[in-house]
Amino acid sequence: MKKWLIYVGSTLLILAFMVQMGWLEIIGIHRISFGSGQPDDVTRVDTASYNVEDGIAYRVKAEGEYFSIYSPESGQWEQIFWKGVNIGAGEPGLFPGELTISYDDYYRWFGYISEMNCNCIRVYTTMRPQFYHALYDFNEQAENPLYLFQGVWMDEEDITTYGDVYAESEKIKNDFITDSLNCVDVIMGNAVLPERAGFASGTYTANVSKWLAGWILGIESDPKFIQNTNDSNPDKGTYEGTYLYTYGSTPFEAFYCEAGDRVISYMTEEYGMQCPVAFANWVTTDPLSHPEEPYEDEDLLTFNTESIRSRAEYKSNLFASYHVYPYYPDSMNYQSDYLSYVDEDGKVNTYEAYLNDLKLAHTMPIIIAEFGVPTSRGVTHRSVMGYNQGGVDETQQGEMLADMFRSIHDSDYAGAIVFSWQDEWFKRTWNNEALDIADSRPYWSNIQTSEQSFGILAFDPGDSQTSFVLDGLSNEWRDNEKIASGNCGDLYMKSDERYVYFMVRIADGFDYSFDTDTLLIPIDTIRGQGNKKMNATGATFDQEADFVIQINGKDNSRIMVDSYYDSYYFLYADQYQMIEPVRDITTKNSGRFNPMMLCTGYEMTIPTTNQVVEFESYETGKLTYGNGDPSSKDYMSLSDFIYNEKEGILEIRIPWQLLNVMDPSSKQIMSDFYTEQSITPTDFDGFTVGLGVIGEQDRTVSLNGTYAYEGWTTPTYHERLKPSYKILQKALEELS
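What you see is a predicted model, and the numbers here were worked out from it, not measured in a lab.

So, on to the sheet that holds strand E38 (residues 681-683). The three strands are arranged E36-E37-E38 in an open sheet whose pairing can be described as antiparallel. Looking at which strands have only one partner, the edges of the open sheet turn out to be strand E36 (661-663) and E38. Neighbouring strand axes in the sheet, compared pairwise and without regard to direction, differ in orientation by 45° on average. Pairing analysis gives three bridges linking strand E37 (residues 668-670) to E38, with the strands arranged antiparallel. Across the sheet, the residue bridging to Met670 is Pro681, located in E38.

Set out below in structure tokens:
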């Protein structure tokens, strides 16, 4: 009998623990509220900092067009325009699910962000305890504390697997609500989360609720996911909750209404407080019509948060949250009424035109919770405004972001949160994700990938400083031995997690003209293919070359690739058949070197006019002249080469991906496409290189040197504030 009682008691204790952790939400068993049975300092907020109405404490509310914060000193509500940054969960060498950013890093970042004249930050998911501890400690002593917009992520693997929030006994819905309620406890400093792969865990004791500006629940939802949820659950189109209810909603909107209501209810019942709630949305599922949108899925349906209404018992109110970029989707470039909109500065401003359009569709305050332009070398999308996804200098980034901040502010939005605070090495981009190895992305910096370079804070290679600076000076090369030599001088090489560096020291007495001479650096990477001649210049090589760097003045220099090793042509002509095939392009040792191209858009048709927009690409191998030293007054972040005529020093830096390296950390390059019939990795040892200036009598270049380097398992990096930081600091000071 005693053993039986112990067994029953143990089972009940385990079940009670599972209930309180939210693990049984999936079968409809919800958490038990113990009310005032828990200590007051844990379960209730300190109402001295809050407005209290009907027993509910709240200090932030969304009302009219803006937010207001309660001032306990004056007893008044003070209107605020939110100015902030999104903070990601990743740093070099790690995927975001590993969540290893330290307390010290966060604390330091909060100082930078506050000094940039921001008043808020946003995170997308529950962070590890050190994030909230750092925020608490920073805000406790800060003259200008940072308010938090807390997000709750949705499991994207489950979305792919089930495609319906109500499928598999409402698995996605229940998991999402469980994570949301756990996050409430996290915010209150009242949670212990067990270890789960890809999720934050630990003991949370820092109560940051005093600085909680609001919830932004969910992620950018794929239209097909929404459509499948709606079509599969016609009986779930309404929800009636304690604080939120639906009016004319879809099943997907009802799901979010229930999630929001559960969060508000839990905060109110367990902790006696409320704050504003929004649901993540984007242009693709906005409530507007975009007749010029060429892709059906980008204007397929609407996720209309206006169908989610609040009751009088909800004091803080709902707001709308959108991610709006100037270059995506394509309707931003082709919608006729946007193209005809001219701002007060006299320029076509499709971004501001969209903001004005969206404003008319809402009765609640709106925050643009994501917008940005990346400083990558590679370009992914183009904007008619020139605010492109990539190919933007770090100074231009600041000017563009400041302009968009002003447009959002002047359009009477409630706030703007730029994406993002830090660069993220783990990211991929659609137009070159086939050219790298997914599991290795965090270990090196692919400057060709736009998604990696949205940050205001850069992670540059090197433990404390960059080993090689593109400045035309030879000081950092003093300890390096030459790799190869040619008729014009000597070639030196080095590399880091982002670039392969070349330095040419022009020989004394050699009559070199940077503007008119053609200097070649042939490079061999993969055995059994390549060219022994270069038809365009008449140059010949003593062994096969897969690439040639051609320097011919500031405006006519580039890196070119053997046509047989041209991944762009292989993908878009041979595999996808999107561009015209070229005769004999796949012939080995043809002497043909192709410009290195990158796709920025497929062929599409504008529905309203039947205008066919052709397949778009640009020459990403064309080299940009300029000073790459961040400390220089003429710093150009996108510069590729520079020449110091006085010292006869030519410096060049080439991104790894422009040498068909798929992962420099493990020394993997692209194999033979046509043998494998796909782009797959293969090992390589290093680069065999040569150097020469092509003249009338001397057109032979010898590949007489080899550069080898050590791979790595842990990348080196250090932080650097981009020039955009100072520009935003000044611009945000002027916005209120």
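Right, let's get into the packing of aromatic side chains. On inspection of all chains with the given rule, the structure shows 68 aromatic pairs. Through pairs of rings, three or more aromatic residues link up here, namely Tyr103, Tyr106, Tyr107, Trp109, Phe110, Phe131, Tyr132, Phe138, Tyr204, Trp425, Phe459 and Tyr717. The ring of Tyr50 carries the charged tip of Arg59 above its face, separated from the ring centre by 6.0 Å. The residue whose ring lies beneath Arg382 is Tyr618, and the NZ or CZ to ring-centre distance is 5.1 Å.

Looking now at the packing of helix H11 (residues 350-359) against helix H12 (residues 394-410). Between H11 and H12, the shortest axis-to-axis distance is 10 Å and the interhelical angle comes to 25°. Taken as axis vectors, H11 and H12 run roughly parallel relative to one another. You can see that H11 and H12 cross each other, and the crossing is right-handed. Between H11 and H12, the contacting residues are Tyr351, Glu352 and Leu355 on the first element and Met404, Ser407 and Ile408 on the second. Looking at the contact of H11 with H12, its residues break down into four nonpolar, one polar and one charged.

This part takes up the pairing of strand E15 (residues 320-323). Of the two faces of E15, the one lined by Ala320 and Tyr322 and the one lined by Ser321 and His323 are each fully buried. Where strand E13 (residues 277-282) lies against E15, three bridges are found, and the strand directions are parallel. Residue pairing in the sheet places Trp282 in a bridge with His323 of E15. Direction of pairing for E15 relative to strand E16 (residues 366-370): parallel, over a ladder of four bridges. Looking across to E16, one finds that His323 is bridged to Glu370.

As summarised here, the arrangement of the five strands in space is E21-E22-E23-E35-E34, forming an open sheet in which the pairing is antiparallel. Strands with a single pairing partner mark the edges of an open sheet, and in this sheet they are strand E21 (484-486) and strand E34 (641-644). With direction set aside, neighbouring strand axes in the sheet form an average angle of 20°. Relative to strand E22 (residues 489-495), E21 runs antiparallel, the two sharing three bridges. Each bridged residue has a counterpart across the sheet, and for Ser485 the counterpart in E22 is Asp490.

Attention now moves to the side chain of Ser495. Within the fold, Ser495 resides in strand E22. For Ser495, a relative accessible area of 18% puts it in the buried group. Of the polar contacts made by the side chain of Ser495, one reaches the side chain of Tyr707; its length is 2.7 Å. In contact with Ser495, other than residues within four places in its own chain, are Val500, Tyr501, Trp656, Tyr707 and Tyr709.

Below, the discussion takes up the pairing of strand E26 (residues 539-545). Note: strand E25 (residues 531-534) against E26, three bridges, orientation antiparallel. The residue of E26 that forms the bridge with Asn531 is Ala545. Both E26 and strand E41 (residues 700-701) contribute to a ladder of two bridges, which runs parallel. Bridge assignment links Thr540 to a residue of E41, and that residue is Thr700.

Take helix H13 (residues 567-575) next. Summarising burial for H13: seven of the nine residues are buried, a large majority. Taken together, the buried positions of H13 are occupied by Ser567, Tyr568, Tyr569, Phe570, Leu571, Tyr572 and Ala573. Packing partners of the buried residues in H13 comprise strand E30 (597-601), strand E33 (616-619), E37 and helix H14 (673-676). Capping the start of H13, Asp566 holds a side-chain oxygen 3.1 Å from the backbone nitrogen of Tyr568, two or three residues further along. Among the residues trailing H13, Gln577 stands out with phi positive, at a value near 55°.

Another point: the confidence of the model for the protein. On average, residues of the protein score 93 in pLDDT, and 94% of them reach the 70 mark or higher. This stretch, residues 1-6, has a pLDDT under 50; its non-local contacts, to residues over four places away or in other chains, come to zero contacts. A low-confidence stretch, residues 19-42 (pLDDT under 50), is modelled with 47 contacts involving residues beyond four sequence positions or located in other chains.

Core analysis: the biggest nonpolar cluster contains 138 residues, and Trp82 and Trp215 have the highest contact counts within it. Looking at this core, the element that brings in the most residues is helix H8 (residues 251-271), giving eleven residues. Grouped together as the second largest cluster of nonpolar side chains are 58 residues, Leu435, Cys488, Phe514 and Tyr565 included.

Scoring rules and cut-offs
- Residues numbered from 1 in each chain as written.
- Predicted model: local features only at pLDDT ≥ 70, side-chain atom pairs only at ≥ 80, totals over all residues.
- Heavy atoms only, no water.
- Pairing = 2+ DSSP bridges.
- Helix = DSSP H or I, 4+ residues; strand = E, 2+ residues; numbered from the N terminus.
- Axes fitted to C-alpha atoms, helices over the stretch in contact; angles between N-to-C directions.
- Phe/Tyr/Trp six-rings, centres within 6.5 Å; stacked < 30°, edge-to-face > 60°.
- Lys NZ or Arg CZ within 6 Å of the ring centre and 35° of its normal.
- Parallel < 35°, antiparallel > 145°, perpendicular 65-115°, else oblique.
- Left-handed = near helix turned anticlockwise from the far one by under 90°.
- Contact = heavy atoms within 4.5 Å.
- Nonpolar A, V, L, I, M, F, W, Y, C, P; charged D, E, K, R; others polar.
- Buried < 20%, exposed > 50% of the residue type's maximum accessible area, 1.4 Å probe, protein only.
- Polar contact = N/O pair within 3.5 Å; in protein donor to acceptor, adjacent residues only side chain to side chain.
- pLDDT = per-residue confidence, 0-100.
- Core = buried A, V, L, I, M, F, W, Y, C linked by side-chain atoms within 4.5 Å.

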